[in-house]
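Here's the letter readout for the chains.
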Amino acid sequence: MTETPTASSDRLPPHARIRARKRAVTQEADAWAVLDRVALSHVGFIDDGRPMVIPMIHARIGETIYLHGAKATRIVKRLGASVPVCLTATLLDGLVLARSAFHHSMNYRCVMVHGTARQVSDAEERHQALIALTDHLLPGRWDEVRPMSDKEERATGVIAVDVEHITMKRREGPPVDDAEDYALPIWAGVIDIAKRAVAVHPDPALDASVPRPASLDAFLEARGEASAPRGDKT
């Protein structure tokens, strides 16, 4: 059973509680939306008594999160029975510049997931997870590429994280300075950080007659960049 951000923090175990309650986000849908938008997450686990954090591609189906890695990846090799993991995903929205170094900060949306990881052995679950992982990178991409070979399937590790607790916190708005500092002649404010496609570079080995795929056009259109010609900055 998932404990959502709407649950009282007193009901969460200490490791899943948000310390700064004023930054807690109370809507579970907001947390899932951040996970859906972030391309890369960081997964923490214990390996031989040492903490390890690995960047991994993720995707979700319902409330199960799937992770992609080669069979030789440490977490895939070490994972036998189900093990506890912690996954984090962050969107950086802005740099917050205050009048004092102490009050500098960032505007962000951050999700932390605690759950139990297991290797995916069921063929159908594995297949659906690979579709979700591919389409998380670029929606619709799975249907545009050739099917995976048996050799590729064997070389690919898929891990499912069954979510136990998901929490989200967010900072937004201007800097918060000490009252006596607002009169200082020091610039303060926020630098918004926007994620966008910078350029599209076709593979040099690509035949010039091959059109740009629909998934890429949809990706660019969603960001207002659909008119960018192939290879040009958007």
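Residues numbered from 1 in each chain as written. Predicted model: local features only at pLDDT ≥ 70, side-chain atom pairs only at ≥ 80, totals over all residues. Heavy atoms only, no water.

## Some thoughts on the overall build of the chain
Operational definition: Here a helix means four or more residues in a row that DSSP labels H or I, a strand means two or more in a row labelled E, and each is numbered from the N terminus. Think of it in three bands: with a 1.4 Å probe and only protein chains considered, a residue is buried below 20% of the maximum accessible area for its type, exposed above 50%, and partly exposed in between. Only the protein chains shown count as covering a residue, and every accessible area follows the Shrake-Rupley method with a 1.4 Å probe.
Across its full length, the chain carries five helices and seven strands. Looking at the 234 residues of the chain, the share that counts as buried comes to 37%. Accessible area of the chain: about 14,000 Å², with a carbon and sulfur share of 56%.

## A few points about a nonpolar patch on the surface
Put simply, the test is: Note that patches include only residues with greater than 30% relative accessible area and no salt bridge, and the join distances are 9 Å for like charges and 5 Å for nonpolar side chains (Val, Leu, Ile, Met, Phe, Trp, Tyr). Counted as salt bridges are all cases of a side-chain nitrogen of Lys or Arg within 4 Å of a carboxyl oxygen of Asp or Glu.
A cluster of nonpolar side chains, L92, M106, I191 and I193, forms an exposed patch at the surface whose accessible area comes to about 320 Å². Position of I191 among the secondary structure elements: in strand β7 (residues 189–192). Take I191: its relative accessible area is 39%, and that puts it in the partly exposed class.

## Considerations on helix α1 (residues 28–37)
Structural remark: α-helix, 3.6 residues per turn; residues separated by three or four positions point the same way. Threshold: Read the arc as the range of directions from the helix axis to the C-beta atoms.
Buried within α1 are the following residues: E28, A31, W32, V34 and L35. Down the axis, α1 shows its buried residues gathered within 155° of arc, on one side only.

## Focus: the pairing of strand β6 (residues 156–171)
This is how it is decided: In short, DSSP must find at least two bridges between two strands for them to pair.
Taking burial as the measure, the 16 residues of β6 include 12 buried ones, the bulk of the element. Pairing between strand β5 (residues 105–119) and β6: 12 bridges, direction antiparallel. In the strand pairing of β6, V111 is matched with M168.

## Overview of unusual backbone geometry
As a rule of thumb, non-glycine residues mostly have phi less than zero, and peptide bonds are mostly trans rather than cis. Phi at D48 takes a positive value of approximately 55°, unusual for a residue other than glycine. Relative to the helices and strands, D48 is located in the loop between β1 (40–47) and β2 (50–61). According to the relative accessible area criterion, D48 is exposed, its value standing at 63%.

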